[in-house]
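Here is what each chain is made of, one letter per residue.
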Amino acid sequence: MAVHADLTIMETAVLAEVPKSAVEKAVENKVFRPVSRAARIKGSGTKYVPLRAVAYFASLRSAELSYLPIKVKKIIWASLMRQQALVLAPVEFAPGASLDVERLAANHMETAERYKAARDAYIVTDENILGGTPVLRGTRISVYSVLGRLQHGDTLDELVRDNPDIPREAFEAAEIFARAHPMRGRPSGRPWHNAA
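These notes cover the structure that comes with them. Keep in mind the model is a prediction, meaning the values are calculated, not measured. (Residues numbered from 1 in each chain as written. Predicted model: local features only at pLDDT ≥ 70, side-chain atom pairs only at ≥ 80, totals over all residues. Heavy atoms only, no water.)

## Concerning unusual backbone geometry
Our working rule: Secondary structure counts use DSSP, requiring at least four H or I residues in a row for a helix and at least two E residues in a row for a strand, with both numbered from the N terminus. For every residue, the accessible area obtained with a 1.4 Å probe (protein chains only) is divided by the maximum for its type, and the residue is called buried under 20%, exposed over 50%, and partly exposed between those limits.
Backbone geometry places glutamate 17, a non-glycine residue, at a positive phi of 60°. Inspection of the secondary structure puts glutamate 17 in the loop between helix H1 (9-16) and helix H2 (20-28). Glutamate 17 gets classed as exposed once you look at its relative accessible area, which sits at 53%. Backbone geometry at leucine 130 places phi at a positive 50°, although glycine is not the residue there. Structurally, the position occupied by leucine 130 is in the loop between strand E6 (123-124) and strand E7 (135-136).

Shown next, in the form of structure tokens:
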């Protein structure tokens, strides 16, 4: 069975609502192995993990099982990866102990699947557009401007109303993408005005 590496480590963390360090620790402990490939964002190679990693982390977080030994976490991960169906079956990780992945992580998986499809369809990086800053396809609207508007009180409905040619899924993906891929470098503007 081919393993499709679909999400970056940070995208996985944002979608599963866990700290990035939790995903990095799973990689470090060899619960699963990421796949390195050319980044979608300009820069060095980025590590990608299967979409099911979102279900894995969301389930452990929801069931408050992050304390499990690494050996047991590897069993849960291996069981998840063996499942062929889209509906994730419960994973038995010890005699009489199982994790109802579908119940615990169904919403997170739906969001992750929608995000991946929308990210691939609507978010592009082109050196000729805003110097390679990720933007919504066919526009000069950066993912960071979408996140900024949402953080400052605008709603997705307002963004769609202001840009009727852009589907809502594009704005949803832009928000997640921007949170998962924060801008690098010094903050712009005059940060000392906010200090005190």
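## Quick notes on the pattern of salt bridges
For clarity, the cut-off: Salt bridge, as used here: a side-chain nitrogen of Lys or Arg that lies within 4 Å of a carboxyl oxygen of Asp or Glu.
Counted by the stated rule, this structure contains nine salt bridges. Note that glutamate 24 and lysine 20 form a salt bridge whose closest N and O atoms lie 3.5 Å from each other. Residue glutamate 24 and its partner lysine 20 are both found in helix H2; the two are separated by four residues, about one turn of the helix. The class for glutamate 24 is partly exposed, based on a relative accessible area of 36%. Overall, the relative accessible area of 40% leaves lysine 20 in the partly exposed class. One salt bridge in this structure joins arginine 149 and aspartate 162, with 2.7 Å as the shortest N-O distance. You can see arginine 149 sitting in helix H6 (residues 143-151) and its partner aspartate 162 sitting in helix H7 (residues 156-162), a full 13 residues away along the chain. The network of salt bridges with shared partners includes Glu11, Lys116, Arg119 and Asp120.

## A few points about the packing of H1 against helix H8 (residues 168-180)
Heads up, the condition is: Here an axis means a line fitted to C-alpha atoms, over the contact stretch when the element is a helix, while the angle between two N-to-C directions is reported on a 0 to 180 degree scale. Note that the term roughly parallel is reserved for angles under 35 degrees, roughly antiparallel for angles over 145, roughly perpendicular for angles of 65 to 115, and oblique for everything else. Less than a right angle of anticlockwise turn of the near helix away from the far helix marks a crossing as left-handed, whereas a clockwise turn marks it as right-handed. Note on contacts: a residue pair qualifies if any of its non-hydrogen atoms lie within 4.5 Å across the two residues. Amino acid classes used here: Ala, Val, Leu, Ile, Met, Phe, Trp, Tyr, Cys and Pro are nonpolar; Asp, Glu, Lys and Arg are charged; the rest, including Gly, are polar.
Direction vectors running N to C along H1 and H8 enclose 120°, while the axes themselves pass 8 Å from each other. Overall, the two elements H1 and H8 adopt an arrangement that is oblique. Taken as a pair, H1 and H8 cross one another with a handedness that is right-handed. In contact with Met10, Glu11, Val14 and Leu15 of H1, H8 contributes Ile176, Phe177, Arg179 and Ala180. The residue makeup of the contact of H1 with H8, split by class, is six nonpolar, no polar and two charged.

## Side note on the packing of aromatic side chains
The test is simple: Between rings of Phe, Tyr and Trp, where Trp is taken as its six-membered ring, a pair exists when centres lie within 6.5 Å; planes separated by under 30 degrees are stacked, by over 60 edge-to-face, and by other angles tilted.
Following the criterion strictly, the structure yields five aromatic pairs and no others. Here phenylalanine 32 and tyrosine 56 contribute two aromatic rings whose centre-to-centre distance is 6.5 Å and whose plane-to-plane angle is 85°, an arrangement assigned as edge-to-face. With a gap of 24 residues between them, phenylalanine 32 in the loop between H2 and strand E2 (35-37) and tyrosine 56 in helix H3 (residues 52-62) connect regions that are remote in the sequence. This pair shows no difference in class: phenylalanine 32 is buried, exactly as tyrosine 56 is.

## Observations concerning H1
Counted residue by residue, H1 has seven buried out of eight residues, so it is predominantly covered. Burial in H1 covers these residues: Ile9, Glu11, Thr12, Ala13, Val14, Leu15 and Ala16. Looking at the buried side of H1, the elements it contacts are strand E1 (7-8), H2, strand E3 (46-49), H3, helix H5 (101-122) and H8. Backbone geometry just downstream of H1 places glutamate 17 in the positive-phi region, at approximately 60°.

## Some details on the side chain of glutamate 11
Selection rule: The definition of a polar contact used here is a pair of N or O atoms within 3.5 Å, where within protein one atom must be able to donate a hydrogen and the other to accept one, and adjacent residues in sequence count solely through side-chain atom pairs.
When you line up the elements, glutamate 11 lands in helix H1. Judged by its relative accessible area of 1%, glutamate 11 is buried. Looking at glutamate 11, its side chain comes within polar contact range of the side chain of arginine 119, at 2.9 Å.

## With respect to the environment of arginine 52
The residue arginine 52 is located in helix H3 in this model. On the accessibility criterion, arginine 52 (15% relative accessible area) is buried. Between the alpha carbons of arginine 52 and tryptophan 77 there is a distance of 8.8 Å; along the sequence they are 25 residues apart.

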